[in-house]
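Geometric and topological summary
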Amino acid sequence: MPKSCAPLTPADAKQLGNAVGGIIAITARALHQEFPHLSVERLVETFTRPSVIESTGLRYLSALDGGATPGNAAGQASAALVKAWAAARLRAAEITTSR
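Residues numbered from 1 in each chain as written. Predicted model: local features only at pLDDT ≥ 70, side-chain atom pairs only at ≥ 80, totals over all residues. Heavy atoms only, no water.

1. Looking at the overall build of the chain
The secondary structure content of the chain amounts to four helices and zero strands. On the principal axes, the C-alpha backbone points of the chain span a range of 45 × 25 × 20 Å. Among the 99 residues that make up the chain, the fraction classed as buried is 26%. Expressed as a percentage of contacts within the chain between residues at least 6 apart in sequence, the contacts between residues at least 24 apart total 51%. Accessible surface for the chain amounts to roughly 6,400 Å². Of this, 59% is attributable to carbon and sulfur atoms. In the chain, 10 side chains carry a positive charge and 7 a negative one; their mean positions are 3 Å apart. (Helix = DSSP H or I, 4+ residues; strand = E, 2+ residues; numbered from the N terminus. Buried < 20%, exposed > 50% of the residue type's maximum accessible area, 1.4 Å probe, protein only. Contact = heavy atoms within 4.5 Å. Areas by Shrake-Rupley, 256 points an atom, 1.4 Å probe, with all protein chains shown as cover. Lys, Arg positive; Asp, Glu negative; His and termini not counted. Charge placed at Lys NZ, Arg CZ, Asp CG, Glu CD.)

2. A look at the nonpolar core
In a soluble, globular protein the nonpolar side chains are often hidden away together inside. Ranked by size, the top nonpolar core spans 20 residues in total, and within it L31, L43, F47, Y60, A73 and W85 carry the most contacts. At the level of secondary structure, the elements contributing two or more residues to this core comprise α1 (10-34), α2 (40-47), α3 (50-65) and α4 (70-97). Ranked by residue count, the leading element in this core is α1, at seven residues. Not counting residues within four places of it along the chain, the set of residues in contact with W85 comprises L31, L38, L43, T46 and F47. (Core = buried A, V, L, I, M, F, W, Y, C linked by side-chain atoms within 4.5 Å.)

3. With respect to the environment of K83
By secondary structure assignment, the location of K83 is in helix α4. Given a relative accessible area of 62%, K83 falls into the exposed group. Expressed as a C-alpha distance, the spacing of K83 and V20, which sit 63 residues apart in the sequence, is 16 Å.

4. Examining the confidence of the model for the chain
Averaged over all residues, the pLDDT of the chain is 92; the fraction at 70 or higher stands at 95%. The secondary-structure element of the chain with the lowest mean pLDDT is α4, recorded at 94, while α1 shows the highest, at 96. (pLDDT = per-residue confidence, 0-100.)

5. Quick look at α4
Think of an α-helix as turning once every 3.6 residues; residues three or four places apart then point the same way. Relative to the 40 Å expected for 28 residues at 1.5 Å per residue, α4 spans 40 Å between its end C-alpha atoms, a close match to the ideal helical length. Looking only at α4, the buried set comprises A73, A77, S78, A80, L81 and W85. Contact partners of the buried residues in α4: α1, α2 and α3. (Expected span 1.5 Å × (residues − 1).)

Okay, here's the thing in structure tokens:
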């Protein structure tokens, strides 16, 4: 896969899409398995928003550009996704309780 700032070929775009889709699916399943009260369908719905797909792809490419293996890059992107999701949930809970 090329550097993240270089244009992607159609093959690269397909490979990136498959990687990001896998990262999102595995992350949603892992969160659901760890916390069964979380709906896997709602997690997937949240994680497939365009902004989340874009940021996950950029994190994955950035990790690859930094020398990570595809597996490690996926792990880094997944961890960042969980952290961002948890921070958003915490902010939402704080807003709700402060009303």
